[in-house]
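Each chain, written out:
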Amino acid sequence: SSAALEEVVEATLEQRKRPEGWKGTPAENKFDLDRLTEPTTVFEGYAREAAAQYPKNANIAAALALATVGLDRLNVKLVADPLVLGPTSN
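Values in this document were obtained by computation on a predicted structure and should not be read as measured data.

A. Local environment of the nonpolar core. By size, the foremost hydrophobic cluster in this structure holds 20 residues, and its most contacted members are W22, V42, Y54, L74, V76 and L78. When neighbours within four sequence positions are excluded, Y54 is seen to be in contact with W22, T25, P26, A27, K30, V42, F43 and L78.

Here it is as C-alpha cells:
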C-alpha cells in the first residue's frame, strides 16, 4: 500500500491493565487503584519516559519504539482499567 511507502514520523500505543496490575508503580502513589470504577489514564507521554517510570509495564512500548519511530516519538498511554479481563495493547 502507499502508506507503507510513507515515512512514519510518530506513533501511539495504548496499554491497558486491570488496576491491580499497576500496584508497585508510580500509579499507586497517584491513584487509589483499589477503588477505580472506570478506565483511568495513569501515564501519558513518550516511550522513553514510560520505560523510565514504569520499567516493568512499558516493555512493549520500549520494544515498539526501538523497532519503529524511536523512544522520543512513540506516544504512550498507560491505563488502569477495571473493565478489561487482562492486559491489552493497541
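B. A look at the packing of aromatic side chains. Enumeration over the complete set of coordinates arrives at two aromatic pairs. An angle of 85 degrees between the planes, with centres 5.9 Å apart, marks the rings of W22 and Y54 as edge-to-face. Taken together, the residues W22 in the loop between β1 (11-17) and α2 (26-30) and Y54 in the loop between α3 (47-53) and α4 (59-67) connect sequence positions 32 residues apart. Every member of this aromatic cluster is reached through a ring pair, and the members are W22, F43 and Y54.

C. The sheet that holds strand β2 (residues 40-46), seen in detail. Within the open sheet, the four strands sit side by side as β2-β3-β1-β4. Their pairing is mixed. Only two strands of the sheet have a single partner each, and these edge strands are β2 and β4 (88-89). Pairing geometry for β1 and β4, over two bridges, is antiparallel. Residue pairing in the sheet places R16 in a bridge with T88 of β4. Set on the sheet, α4 makes contact with β1, β3 (74-80) and β4; between it and β1 the angle comes to about 165 degrees.

Cut-offs used in this document
Residues numbered from 1 in each chain as written. Predicted model: local features only at pLDDT ≥ 70, side-chain atom pairs only at ≥ 80, totals over all residues. Heavy atoms only, no water. Core = buried A, V, L, I, M, F, W, Y, C linked by side-chain atoms within 4.5 Å. Buried < 20%, exposed > 50% of the residue type's maximum accessible area, 1.4 Å probe, protein only. Contact = heavy atoms within 4.5 Å. Phe/Tyr/Trp six-rings, centres within 6.5 Å; stacked < 30°, edge-to-face > 60°. Helix = DSSP H or I, 4+ residues; strand = E, 2+ residues; numbered from the N terminus. Pairing = 2+ DSSP bridges. Axes fitted to C-alpha atoms, helices over the stretch in contact; angles between N-to-C directions.

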